[in-house]
Amino acid sequence: MATVKIKQIKSKIGAPADQKRTLEALGLHKISQVVEKEDSPAIRGMIRKVHHLVTVIEG
């Protein structure tokens, strides 16, 4: 299955608790950290929930 690279671009400070937990579930702890996850509907849903804090890296 394909993978997707996710990069945290903004701080989670000031974000609601559920968004902080979503970042933790994605494995993101610091700004500019990049993680690679399998592309699935669940991961896409988590990305959509914190879309303002992360970016998807193409390539």
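My aim in this report is to walk through the structure given alongside it, one point at a time. (Residues numbered from 1 in each chain as written. Predicted model: local features only at pLDDT ≥ 70, side-chain atom pairs only at ≥ 80, totals over all residues. Heavy atoms only, no water.)

**Describing the overall build of the protein chain**
Part 1: Check the secondary structure of the protein chain and you find two helices and three strands.
Part 2: The linear arrangement of helices and strands in the protein chain, starting from the amino end, is β-α-β-α-β.
Part 3: Relative to its length of 59 residues, the protein chain is compact, with a C-alpha radius of gyration of 11 Å against a globular reference of 10 Å.
Part 4: Counting only C-alpha atoms and orienting by the principal axes, one finds that the protein chain spans roughly 35 × 20 × 15 Å.
Part 5: Scored against the burial criterion, the 59 residues of the protein chain give a buried share of 25%.
Part 6: A separation threshold of at least 6 residues defines the contact pool for the protein chain, and within that pool the share at least 24 residues apart is 69%.
Part 7: When the accessible surface of the protein chain is summed, it comes to about 3,900 Å², and 55% of that surface belongs to carbon and sulfur atoms. (Helix = DSSP H or I, 4+ residues; strand = E, 2+ residues; numbered from the N terminus. Rg over C-alpha atoms; globule rule 2.2 N^0.38 Å. Buried < 20%, exposed > 50% of the residue type's maximum accessible area, 1.4 Å probe, protein only. Contact = heavy atoms within 4.5 Å. Areas by Shrake-Rupley, 256 points an atom, 1.4 Å probe, with all protein chains shown as cover.)

**What about the sheet that holds strand E2 (residues 34-38)?**
In any sheet, the strands associate via hydrogen bonds between backbone groups, in a parallel or an antiparallel arrangement.
Part 1: If you trace the three strands from one edge of the open sheet to the other, you get E2-E1-E3, paired in antiparallel fashion. At either end of the open sheet lies a strand with only one pairing partner, and these are E2 and strand E3 (54-57). Sheet twist, expressed as the mean angle between neighbouring strand axes with direction ignored, is 35 degrees.
Part 2: In the packing of helix H1 (residues 17-26) onto the sheet, contacts are made with strand E1 (3-8), E2 and E3, and the angle to E2 comes to roughly 75 degrees.
Part 3: Where helix H2 (residues 41-49) meets the sheet, its contacts fall on E1, E2 and E3, and the angle it forms with E1 comes to roughly 20 degrees. (Pairing = 2+ DSSP bridges. Axes fitted to C-alpha atoms, helices over the stretch in contact; angles between N-to-C directions.)

**A look at the nonpolar core**
Part 1: Counting residues in each nonpolar core, the largest one holds 12 residues, listed as Val 4, Ile 6, Ala 15, Leu 23, Leu 26, Leu 28, Val 35, Ile 43, Ile 47, Val 50, Leu 53 and Val 54.
Part 2: For this core, the secondary structure elements donating two or more residues are E1, H1 and H2.
Part 3: With near-sequence residues (within four places) excluded, Ile 6 lies in contact with Leu 26, Leu 28, Gln 33, Val 34, Val 35, Lys 37, Ile 43, Ile 47, Val 54 and Thr 55. (Core = buried A, V, L, I, M, F, W, Y, C linked by side-chain atoms within 4.5 Å.)

Any functional reading would require information that these geometric values do not contain.
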